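# Coordinate analysis (summary)
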Amino acid sequence: MLKVYGDYRSGNCYKVKLMLHLLDKPYQWGAVDILKGETQSETFLVKNPNGKIPVLELEDGTCLWESNAILNFLAEGSEFLPGEPRLRTQVLQWQFFEQYSHEPNVAVARFIQLYQGMPEERREEHGIRLARGYKALKVMEQQLLRTPYLVGEDYSIADIALYAYTHVAHEGGFSLEAFPAICSWLDRIASHPRHVTMLG
Ligand SMILES: N[C@@H](CCC(=O)N[C@@H](CS)C(=O)NCC(=O)O)C(=O)O
């Protein structure tokens, strides 16, 4: 059986969990506590030399890491990954955007506020992450005013990648009030019959 090493509160790990539920694939969950430094242990570094979760361990022992790479692996051949090259590239486009422009701001602002309780020495950085995060949210809003999902008409792994931290952006100090198209999209994603919540 597939095994996911992760932390339920991590958006990057939630991407993998949500994908597995949408595909109705059974899996085991191996809890890893990042605050206790468990990603840096010798045994964990064998699974991911970069010392980060999520990791997906396959039946033959192969370990895959990087959340969006794992999404691409799991979604292969399913309705969540288009085969047509232009659409497939647009999926990748949103996933690279997520890793470079969205996650480092929206997720890190959440880490500073929720996990670290906003320490004084990170307040200024938090403000910068908020400003950059709002810029990324505006990019998403523009697309979602035009199409129901990030890549056109269909729910894809581009949506899973960006849903993970957007739906908990308030935990990082963001308000989504000025983003009606994002709010409708969040509801659309959550209404899928096989949707699972982050802590559910
Ligand atoms: N780009 C990676 C980021 C993974 C990542 O930052 N994971 C965090 C948890 S959300 C982690 O493992 N942090 C522990 C550490 O860096 O030691 C991905 O998308 O999988």
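### As for the domain arrangement of the chain
- By domain assignment, the chain separates into domain 1 (2-75) and domain 2 (85-190).
- If you average the C-alpha positions of domain 1 and of domain 2, the two centres end up 21 Å apart.
- Across the boundary between the two partners, domain 1 contributes 18 residues, which contact 16 residues of domain 2.
- Interface area for domain 1 against domain 2, summed over the two sides, is near 1400 Å², with a carbon-plus-sulfur share of 61%.

### Focus on helix 5 (residues 123-146)
- If you check helix 5, its first and last C-alpha atoms are 35 Å apart, about what 24 residues at 1.5 Å a residue would give, namely 34 Å.
- Among all positions in helix 5, only His-126, Arg-129, Leu-130, Gly-133, Ala-136, Leu-137, Met-140, Glu-141, Gln-143 and Leu-144 are buried.
- In this structure, the buried side of helix 5 is in contact with helix 4 (85-115), helix 6 (157-166) and helix 7 (180-190).

### A closer look at the sheet that holds strand 4 (residues 63-65)
- A sheet is described by the order of its strands in space; here four strands give the open sequence 2-1-3-4, paired in mixed fashion. Each having just a single partner strand, strand 2 (27-31) and strand 4 make up the two edges of the open sheet. Neighbour to neighbour, the strand axes of the sheet diverge by 25° on average, direction disregarded.
- With three bridges connecting them, strand 3 (residues 55-57) and strand 4 associate as antiparallel partners. Bridging from a neighbouring strand, Val-55 pairs with Trp-65 of strand 4.
- Contacting strand 1 (2-6) and strand 2, helix 1 (residues 11-22) runs over the sheet at an angle of about 165° to strand 2.
- The strands that helix 3 (residues 67-75) touches are strand 1, strand 3 and strand 4; relative to strand 4, the one it contacts most, it runs at about 120°.

Calculation notes
Residues numbered from 1 in each chain as written. Predicted model: local features only at pLDDT ≥ 70, side-chain atom pairs only at ≥ 80, totals over all residues. Heavy atoms only, no water. Domains from an automatic or database assignment. Contact = heavy atoms within 4.5 Å. Buried area = accessible area lost by both parts, 1.4 Å probe. Helix = DSSP H or I, 4+ residues; strand = E, 2+ residues; numbered from the N terminus. Expected span 1.5 Å × (residues − 1). Buried < 20%, exposed > 50% of the residue type's maximum accessible area, 1.4 Å probe, protein only. Pairing = 2+ DSSP bridges. Axes fitted to C-alpha atoms, helices over the stretch in contact; angles between N-to-C directions.

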